[in-house]
Amino acid sequence: MTGAVRPLLIWLAILTTTGTLNAIWTGDLIQTATFAAAVLAVGTLVLFQVLANPDALRRGAPGARGAETIVRASAAAALAAIGLSTLVVGVVFGHFLIDFGAAVLIVGLTRLVLERRAQHAAERAAAQRRAGAEASPRVAGRAGGAPTGEVP
Amino acid sequence: MRLISTDHKTIGINLGVLSLFYFLLGGLFALLMRSQLAEPNNQLLSNGTYDELFTMHGSTMIFLFVTPMALALALYLIPLQIGARTLSAPRAALCGFWLWVCGGLVMQSGWFTASGPGQDGWTSYTPLSTGSYTPGVGQDLWVLGVLLAILGMILIAICIAVTVARRRAPGMTMMRLPVFSWTALVSVLMVIGAFPMMVLVMALLYVDRLGAHIFTGFAGAVDYEDLFWFFGHPVVYVMFFPYLGAAAEAIAVGAHKRWFGYTAFVASMLAFSVLSMSVWGHHMFVTGGVTNQYFAFTSTLLLVPAGIEYFDLVGTLVGGSIVPRCAFLFGITFFIQFLIGGLSGIFLASPVLDYNAYGSYIVVAHFHYTLFAGSIFGFFAGVYHWFPKLTGRLLREGLGRVHLGLLIVGTNLTFLPMFFLGSDGMARRIARYPTHPGWAGLNQLETAGAGLIALAVAVFLLNVVVSLRRPRLAGPDPWLGHTLEWATSSPPPALNFTEPLPPIRSYAPLLDLREAADAAAAADPSDPVPVP
Ligand code: HEM
């Protein structure tokens, strides 16, 4: 992810400039607050990327990715969305839908947590296999990024 | 299984196909409106039904077609273009897709309620949209449907942004991202920055409708507009940039040249997208509630990055060996048609002129040249360009040309007369107009144009059916593409790439290879370098 957030920082810098210009020129509190909210939203994303991998701030090309598990399907994600939507519509149509939606949402979220746990467990196992494989060069872990013919 | 798949290609296709269905639905609403407006004092539709139709037409096109379609293109193409096998946080993207599906259903379910669907325009201004003036479940469903759809699109956008940050293939620096990927990236940044405001606004509006008097109490109608347009203007550009990227890719490949002025293009996209988040007040000049000078200034500044895009277009065409296939032609038409929207926008960015044009058909003409022409021609450029990648089959060029011709004539017949009607005083959002010299004829032209657009879309659908039923196989790279998606099979396999990627040394890695091969062959014709 090397270099990923540098353009995002430029983007944020330009937005902060137009926002500051707006604050000086208009003195409108609501408008300043909306600019600040947008900077905060994208800034949070940038911050998460940097915390996850400080390399994101470095200039240069990304390297090969480590082992990772592939998620092929998730009924839980769909359930969570349907549950939340049912709950929201229940606000218009009555308690039954709120209760039903909340139940589906809870089932969906619980399943999501279980799926994530299983994924982490698989990732740990793969990492261990890879660590073992480093001793024997004939076995390779599955790289997450596509293989490349780039000459380093 | 398809509906719960977390493969970015499947989610992208599901989102795209459903959005296309909503395009047809929104188009049907437009045809009904145009039928009503075909004659002065026509009695086909009641005022109330007309209100519902323009509201649901605008909302369907914006929340359920053009914006999600842009995200669908990004979902499908970005991982391929950056050489990634999968999407980051694919479950979140799937969850976002389902939220959007539910949002669409909730919004459209208003048609089945006694009060009818949303009826206060896609802007749903207060106090009109508060419980006192628009009671009934239909408007509630509109508000909640929009809220859910927007929430879903935010989730999808976050996944796309994180994918670009984390999953680029070795060698793919940010300054080697393909042109389409850049346009989609700045769009998702805008979604992340601006769309949460719409979630807040819809939640507040709903609470207001329950009787809390937010926009009719401590906050006023102008505050609603301020918050709404902070989302409402950026969304217009989210409906533009990815289609610009699609048109640019189709043109560069059609001209057998790399996109001209890449660095300036990237810089202008960054500036363009931020500026377009800073101009929303130009929708509010007439309210007297915003500092017009600031918003006129920022709106006029938009000309600079827009000019760079056109300069790059010309630079790409000059010296290219052009093969005018459908994708290329749609791409060029995109730039030409959007120019009308863009140039009329310069006039509307001037408060003095906007005072006169506000609420008239001039505005309807302007925003259809930007929203409709400025998306649909780029969208079709993308479809003709990438359909072979998605399906492994080629679309028919002949039918494509008929499609393009009908769409060009239809678009201009429908939307150009609106400028004249608007400057003659015809107001927008009216179901009936009086017999006024010249109005009936121009309105009839517009209705005929709407029919031609419908015909063009029918020809396109026919093209898709014919191409799928009697396939002409495309192979992995039918156009001599520039970017990594053309380095894999058509359609791509589950994890996108089975072969090692070519070296990535620019934003057009496959073109690099071909150029290197050509250079080597020129240096030593007896020893040609094989192109992978
Ligand atoms: C991508 C495609 C399109 C988009 C995004 C779009 C967007 C919009 C929007 C936002 C409105 C304003 C709704 C409101 O006042 O609240 C509108 C109105 C309208 N559109 Fe479209 N539109 C599209 C395609 C079309 C097409 C193809 C036609 C004609 C065939 C059309 C005809 C109309 C008409 C007649 C109105 C109502 C004007 C009025 O009474 O004020 N639109 N459209």
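Residues numbered from 1 in each chain as written. Chains lettered and ligands numbered in written order. Predicted model: local features only at pLDDT ≥ 70, side-chain atom pairs only at ≥ 80, totals over all residues. Heavy atoms only, no water.

### A look at the overall build of chain A
Where we set the bar: Helix and strand definitions follow DSSP, with helices as H or I runs of at least four residues and strands as E runs of at least two, each counted in order from the N terminus. Here, two residues are considered to be in contact whenever any of their heavy atoms come within 4.5 Å of each other. Accessible surface is estimated by sampling points in the Shrake-Rupley manner with a 1.4 Å probe; for residues, cover comes only from the protein chains shown.
Each helix and strand counted, chain A has four helices and zero strands in total. Of the regular secondary structure in chain A, the N- to C-terminal order runs α-α-α-α. Of all intrachain contacts in chain A linking residues separated by at least 6 positions in sequence, the fraction that spans at least 24 positions is 71%. Carbon and sulfur atoms form 68% of the exposed surface of chain A, whose accessible area is close to 8,400 Å².

### Some points on the overall build of chain B
Applied cut-off: Within these notes, the globule rule equals 2.2 Å times the number of residues to the 0.38 power, and the radius of gyration is based on C-alpha atoms. Summary of the burial criterion: residues with accessible area below 20% of their type's maximum are buried, those above 50% are exposed, and those between are partly exposed, where the area comes from a 1.4 Å probe applied to protein chains only. His is not counted, nor are the chain ends; Lys and Arg add positive charge and Asp and Glu add negative charge. Lysine's charge is taken at NZ, arginine's at CZ, aspartate's at CG and glutamate's at CD.
Secondary structure summary: chain B contains 17 helices and zero strands in total. Relative to a compact globule of 532 residues, whose C-alpha radius of gyration would be 24 Å, chain B shows 23 Å and is just as compact. Seen through its C-alpha atoms, chain B measures out along the principal axes to roughly 80 × 50 × 50 Å. For chain B, the proportion of its 532 residues judged to be buried stands at 63%. Taking all contacts inside chain B whose residues are at least 6 apart in sequence as the whole, residues at least 24 apart take part in 83%. When the accessible surface of chain B is split by element, carbon and sulfur atoms take 70% of a total near 17,400 Å². Once the 25 positive and 25 negative side-chain charges of chain B are each reduced to a mean point, those two points are 11 Å apart.

### Considerations on the coordination of the iron atom of the ligand
In ideal tetrahedral geometry, four donors around a metal make angles of 109.5 degrees, whereas ideal octahedral geometry with six donors gives angles of 90 or 180 degrees. All names here are of chain B. Short version of the rule: Note on donors: an N, O or S atom is included if it sits within 2.8 Å of the metal, or within 3.2 Å for Na, K and Ca, and water is never included, so sites can look incomplete. Irregular is the label for any site that misses the other tests, which are tetrahedral for four donors with all angles between 85 and 135 degrees, and square planar for four donors or octahedral for six when opposite donors exceed 155 degrees and the remaining angles lie between 65 and 115.
Within the first shell, the iron atom of the ligand binds the protein through His57 (NE2) and His368 (NE2), at distances of 2.0 Å. Viewed at the metal, the six donor atoms of the iron atom of the ligand are separated by angles of 89 to 180°, and the geometry they form is octahedral. Here His368 lies in helix H14 (residues 361-391) and His57 lies in helix H2 (residues 47-81), a separation of 311 residues in the sequence. Both residues of the pair, His57 and His368, count as buried.

### Topic: helix H10 (residues 292-301) of chain B
Because an α-helix packs 3.6 residues into every turn, residues spaced three or four apart end up facing the same way. Residues Asn292(B), Tyr294(B), Phe295(B), Ala296(B), Thr298(B) and Ser299(B) constitute the buried set of H10(B). For H10(B), the secondary structure elements touched by its buried residues are helix H1 (6-26) and helix H2 (29-52) of chain A together with helix H9 (262-275), helix H11 (303-317) and helix H13 (351-357) of chain B.

### Quick look at the environment of Phe241(B)
Residue and element names in this part refer to chain B. Here Phe241 shows up in helix H8 (residues 241-254). Sequence separation between Phe241 and Phe180 is 61 residues, and the spatial gap between their C-alpha atoms is 8.6 Å. Apart from residues lying up to four places away in sequence, Phe241 is in contact with Thr183, Val186, Ser187, Met190, Met269, Phe272, Ser273 and Ser276.

### Focus on the environment of Ala522(B)
All names here are of chain B. Within the secondary structure, Ala522 sits in helix H17 (residues 509-523). Since its relative accessible area comes to 62%, Ala522 is described here as exposed. Remark: the alpha-carbon pair of Ala522 and Pro170, spanning 352 residues in sequence, is separated by 30 Å.

### With respect to the site of the ligand
Residues and elements named next belong to chain B. Threshold: The nearness test applies per residue and asks whether one of its heavy atoms lies within 4 Å of the molecule or strand. The definition of a polar contact used here is a pair of N or O atoms within 3.5 Å, where within protein one atom must be able to donate a hydrogen and the other to accept one, and adjacent residues in sequence count solely through side-chain atom pairs. Note on residue categories: nonpolar means Ala, Val, Leu, Ile, Met, Phe, Trp, Tyr, Cys or Pro, charged means Asp, Glu, Lys or Arg, and polar means any other residue, Gly included.
Taken together, the neighbourhood of the ligand is formed by 22 residues, with Tyr50, His57, Trp122, His368 and Arg429 sitting nearest. Backbone polar atom of Trp122 to an oxygen atom of the ligand: 2.9 Å apart, as the coordinates give it. One of the side-chain nitrogen or oxygen atoms of His368 is found 2.8 Å away from a nitrogen atom of the ligand. For the shell around the ligand, the secondary-structure elements that each account for two or more residues are helix H1 (8-36), H2, H14 and helix H15 (397-423). Looking at which element gives the most residues to the shell around the ligand, the answer is H2, with seven residues. For the shell around the ligand, a count of residues per class yields 14 nonpolar, five polar and three charged.

### Notes on a nonpolar patch on the surface
Inclusion rule: The patches reported here contain residues having more than 30% relative accessible area and no salt bridge. Joining distances are 9 Å for like charges and 5 Å for nonpolar side chains (Val, Leu, Ile, Met, Phe, Trp, Tyr). Here, a salt bridge means any Lys or Arg side-chain nitrogen found within 4 Å of an Asp or Glu carboxyl oxygen.
Taken together, Leu21(A), Trp25(A), Phe297(B), Leu301(B), Leu303(B), Val304(B), Leu339(B), Leu343(B), Ile346(B), Phe347(B) and Leu353(B) make up a surface patch of nonpolar side chains, about 940 Å² in accessible area. If you list the elements that add at least two residues to the nonpolar patch, you get H1 of chain A together with H10, H11 and helix H12 (326-348) of chain B. Top contributing element to the nonpolar patch by residue count: H12(B), with four residues. Mapped onto the fold, Leu339(B) is located in helix H12.

### A word on the interface of chain B and chain A
Keep this limit in mind: Values labelled buried area give the accessible surface lost by two parts on being combined, using a 1.4 Å probe and summing over both.
Each side of the interface is counted separately: chain B has 73 residues, and chain A has 66 residues. Between chain B and chain A, the buried area comes to about 5,700 Å², and carbon and sulfur atoms account for 71% of it. At the junction of chain B and chain A, the tally comes to one salt bridge. A salt bridge links Glu115(A) to Arg91(B), with the nearest nitrogen and oxygen atoms 2.7 Å apart.

### Looking at the pattern of salt bridges
Side chains bearing opposite charge may pair, as long as their charged atoms lie close to each other. Residues and elements named next belong to chain B. Following the criterion strictly, the structure yields nine salt bridges over all chains and no others. With a shortest N-O distance of 2.8 Å, Glu446 and Arg34 are connected by a salt bridge. Residue Glu446 is found in helix H16 (residues 439-469), and its partner Arg34 is found in helix H1; the two are separated by 412 residues along the sequence. For Glu446, a relative accessible area of 0% corresponds to the buried category. One network of salt bridges, in which partners are shared, links Arg258, Asp512 and Glu515.

### Some thoughts on the nonpolar core
Operational definition: Here, nonpolar core refers to any group of buried Ala, Val, Leu, Ile, Met, Phe, Trp, Tyr and Cys residues whose side-chain atoms link them within 4.5 Å.
Among the nonpolar cores identified, the biggest contains 210 residues, and Trp11(A), Phe63(B), Ile150(B), Met202(B) and Trp259(B) are the most heavily contacted of them. The leading source of residues in this core is H2(B), at 21 residues. Apart from residues lying up to four places away in sequence, Trp259(B) is in contact with Val179(B), Ala248(B), Ile251(B), Ala252(B), Phe265(B), Glu309(B), Asp312(B), Leu313(B), Thr316(B), Phe335(B) and Tyr507(B).

### So, the packing of aromatic side chains
Pairs of aromatic rings are described using the distance from one ring centre to the other and the angle between the two planes. Residues and elements named next belong to chain B. We count it as follows: Working definition: rings of Phe, Tyr and Trp (its six-membered ring) pair if their centres are within 6.5 Å, and the pair is stacked with planes under 30 degrees apart, edge-to-face with planes over 60 apart, and tilted otherwise.
Counting across every chain of the model gives 54 aromatic pairs over all chains. Between the aromatic rings of Phe330 and Phe377, the centroid separation amounts to 6.3 Å while the plane-to-plane angle is 35°, which identifies the pairing as tilted. Of this pair, Phe330 sits in helix H12 while Phe377 sits in helix H14, placing them 47 residues apart in sequence. Residue classification places Phe377 among the buried residues on the basis of a relative accessible area of 0%. Site record: aromatic cluster; members linked through ring pairs are Phe63, Trp122, Tyr125, Trp142, Phe195, Phe215, Tyr224, Phe228, Trp229 and Phe231.

### Structural notes on the domain arrangement of chain A
The line we're drawing: Domain boundaries shown here were taken from an automatic or database domain assignment.
Domain boundaries assigned for chain A yield domain 1 (6-57) and domain 2 (75-135). Taking the mean C-alpha position of each, domain 1 of chain A and domain 2 of chain A sit 31 Å from one another.

### Describing the side chain of Gln108(B)
All names here are of chain B. Here Gln108 lies in helix H3 (residues 90-109). A polar side-chain atom of Gln108 sits 3.0 Å from a polar atom in the side chain of Thr60. Aside from chain neighbours lying at most four places away, what touches Gln108 is Tyr22, Leu25, Phe29, Met56, Thr60 and Leu64.

### Some words on the confidence of the model for chain A
Where we set the bar: The pLDDT value tells you how sure the predictor is about a given residue, anywhere from 0 up to 100.
For chain A, per-residue confidence averages 85 on the pLDDT scale, and residues scoring 70 or more make up 88% of the total. Every residue in residues 138-152 of chain A scores below 50 in pLDDT, and together they form 40 contacts with partners more than four places removed in sequence or on other chains.

### Focus: the packing of H1(B) against H2(B)
All names here are of chain B. Let me state the cut-off plainly: A fitted line through C-alpha atoms represents every axis, and for helices the fit uses only the stretch in contact; the resulting angles, taken between N-to-C directions, go from 0 to 180 degrees. Here the word oblique covers every angle except those under 35 degrees (roughly parallel), over 145 (roughly antiparallel) and from 65 to 115 (roughly perpendicular). Two helices crossing with the near one rotated counterclockwise from the far one by less than a right angle form a left-handed crossing, whereas a clockwise rotation gives a right-handed crossing.
It is at 7 Å that the axes of H1 and H2 come closest, and there the two elements cross at 155°. Relative to H2, the element H1 lies roughly antiparallel. As H1 runs across H2, the sense of the crossing is left-handed. Among the residues making up the contact of H1 with H2, the classes are represented as 25 nonpolar, nine polar and one charged.

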